[in-house]
Amino acid sequence: MNFFKKTLVLALISLSALILNSRAYAANDYSMSCTNVLYGTQLDGPYLNASNGSSQPYGVYVGLDCAYAGAGRTNSSAIVGGEIARAAANAVVGAVSGRLSAAMTMNSDTAAHMSYSTNGNGIGMAANHLVGGLSVWTNFSNSNFENDQTFTTVRKDSNQFDGDASAVTIGVDKQLGNFVIGLAYTSFDSDIDIDVNGGDIKTEGETIGFYAGLNTGALQLSLGAGQGEYEIATTRRDLGSDLTIKASDITADVTYYHLGLSGQLNRGKLSIRPRVAYRNFDLDLPAFTDIVPSDSNSLVSTTTETANESVAGKTYSSDMSEVGVTIALTTGAKITPFFDVSYVNEETTAAAYNNEATADGTSDDLDASAPDGYLTYGGGFMLNLSGKVNGYVNVNEVTNRDDYTETTISGSLKLKF
């Protein structure tokens, strides 16, 4: 008897665990899409309860998640579109800012004409004076970031996500006295997984822009602007059928601009470089259609036809104002260590969720994380291997941003011709 009781308890515990583990994504019993043309929640009418024939809103056919989920039935772009704009701003603008910083501080104490900066921008490098003041340079960076807001079930909104972004920039510029003008081309891509809708969004594209810098001696001024196109593809999970909803070949126009002011103080072996900067990046996403796959439902007498869903166009923006300082230690050797810290005030488009088809009575739905001010810190070292071969390694962290962490690793190798 004790053996029987223990076996029964163990079975109940195992069953409970299975139920709880599957609760986050509880597809309905009939494998019917949320947009099934006969029973989908988009029809806004009452349906018959399969068990007793009584009329009720939405009914058991399409599943309660279809009716109760807000964020779970939202296209991935509406959840993380602003985060893409922010990541692109740091990568694209940061690369140019690093190059301008390098170009305007060229002297024997700056570790072979290289500079250091933060916010996911990597560090600029250049082969200086190729042809009468003409320089060719490149920059790359890679960031891993995540939103750790709690996600438990699709019926409780959440914008938890995990993503990465990388960029490579190639530029050419010319220095005329204390004035620098140039062009920069950046290839950018990102991939973000979103928990609440079981989907992701991939971005890939290019921008090209101009930049200019002026070194007045005590202060250095910089500015730039550019534009380009990003190709975007999104997926999410149909909460009723458990199939994948897709949208691809979405072309978004992007524009950006930036301004900066910095100075430099030398105190013995310490080089101190304070700065203030502003950058803006807009991602103009056009209206598009989420393609909903046909059902594989178990009600053989009903249709498997589904209705696609329209996603409205929207501009996702990221505006960031920054105050920071970099401190480098000139050792006279092949390695120059540096440390950087900054505060960034941010206005980035926050996640937005679709309205729930009907109230679910859940009082603890989570609001989207609010992008706000945050701190960055990091550092690394420069390598001055020879007069013609130089490089760097840099690690940067974002902290105190709402529900958000980010680590950026960047590096470069400079060959002087």
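Rules of the game
Think of each chain on its own: its residues are numbered from 1, step by step along the sequence as written. Only residues with pLDDT of 70 or above have their local features reported here, since the model is predicted, and side-chain atom pairs are shown and tallied only from 80 upward, although totals for entire chains, interfaces and linings are computed over all residues. The side-chain values count all of the structure's non-hydrogen atoms but skip hydrogen atoms and water molecules. Count a disulfide wherever a pair of cysteine sulfur atoms falls within 2.5 Å. Secondary structure follows DSSP: runs of H or I at least 4 residues long count as helices, runs of E at least 2 residues long count as strands, and numbering of each begins at the N terminus. Like charges are joined within 9 Å and nonpolar side chains (Val, Leu, Ile, Met, Phe, Trp, Tyr) within 5 Å, but only among residues with over 30% relative accessible area and no salt bridge; these make up the patches. Here the open area of atoms and residues is found with the Shrake-Rupley method and a 1.4 Å probe, where only the protein chains shown may cover a residue. Here a salt bridge means any side-chain nitrogen of Lys or Arg lying within 4 Å of a carboxyl oxygen belonging to Asp or Glu. Charged residues are defined here as Lys and Arg on the positive side and Asp and Glu on the negative side; His and the ends of the chain fall outside this count. By convention, charge coordinates are those of NZ in Lys, CZ in Arg, CG in Asp, or CD in Glu. Scored from 0 to 100, pLDDT reflects the predictor's confidence in each residue. Residue contacts are counted whenever heavy atoms from the two residues lie within 4.5 Å of one another. Whether two strands pair depends on DSSP finding at least two bridges between them. Here the term cavity refers to a set of points on a 1 Å grid, laid over the protein atoms alone, in which a 1.4 Å probe fits but cannot get out; the term pocket refers to an open set having protein on both sides within 12 Å along at least five of seven lines, with lining residues being those that place an atom within 4 Å of a point. Grid points are joined across faces, edges and corners, and a volume is the space filled by probe spheres set on the points. Think of a nonpolar core as a cluster: buried Ala, Val, Leu, Ile, Met, Phe, Trp, Tyr and Cys residues, connected wherever their side-chain atoms sit within 4.5 Å. Summary of the burial criterion: residues with accessible area below 20% of their type's maximum are buried, those above 50% are exposed, and those between are partly exposed, where the area comes from a 1.4 Å probe applied to protein chains only.

(A) View of the state of the cysteines. Per the stated rule, a full pass over the model turns up one disulfide. Paired by a disulfide, Cys34 and Cys66 hold their sulfur atoms 2.1 Å apart. One quick way to see it: the torsion about the S-S bond of Cys34 and Cys66 is about -75°, and its sign makes the bridge left-handed. Here Cys34 is found in the loop between α1 (2-21) and β1 (46-48), whereas its partner Cys66 is found in helix α2 (residues 64-68), with 32 residues between them in sequence.

(B) Spatial organisation of a negative patch on the surface. There is a patch of like negative charges on the surface, built from Asp189, Glu204, Glu206, Glu229, Glu231, Asp249, Asp253 and Asp284. With respect to the helices and strands, Glu229 occurs in strand β8 (residues 219-237).

(C) Structural detail: the confidence of the model for the chain. Looking at the chain, pLDDT values average 81 and 77% of them are 70 or higher. Across the chain, the secondary-structure element scoring lowest on mean pLDDT is α1, at 40, and the one scoring highest is strand β12 (residues 288-290), at 97. Below a pLDDT of 50 lies the segment residues 106-130, which in the model reaches 103 contacts outside its immediate sequence neighbourhood of four places, other chains included.

(D) Spatial organisation of the pairing of strand β14 (residues 314-329). Relative to β14, strand β11 (residues 270-285) runs antiparallel, the two being bridged by 16 bridges. Among the inter-strand pairings, Arg273 is bridged to a residue of β14, identified as Thr326. Two strands pair when backbone bridges link them, and β14 and strand β15 (residues 335-348) are joined in this way by eleven bridges, in the antiparallel orientation. Note that in β15 the partner of Val323 across the bridge is Tyr343.

(E) Structural detail: the layout of surface pockets. For the largest pocket, the calculated volume is near 420 Å³. Forming the boundary of the largest pocket are 25 residues, of which Arg73, Thr74, Ser310, Asn354 and Asn355 lie nearest the centre. Looking at the lining of the largest pocket, the element that brings in the most residues is strand β13 (residues 309-311), giving three residues.

(F) Spotlight on the nonpolar core. Counting residues in each nonpolar core, the largest one holds 54 residues, and the members touching the most others are Phe188, Ile192, Ile194, Tyr230, Phe281 and Leu283. Elements that contribute at least two residues to this core include exactly α3 (76-103), β5 (161-176), β6 (179-194), β8, β9 (244-263), β11 and β14. If near-sequence neighbours (up to four positions away) are discounted, Leu283 is found in contact with Gly81, Ile84, Ala85, Tyr230, Ile232, Ala252, Asp253, Val254, Lys314, Thr315 and Tyr316. If you look at the next biggest cluster of nonpolar residues, it comprises seven residues, including Ala95, Val96, Leu100 and Val180.

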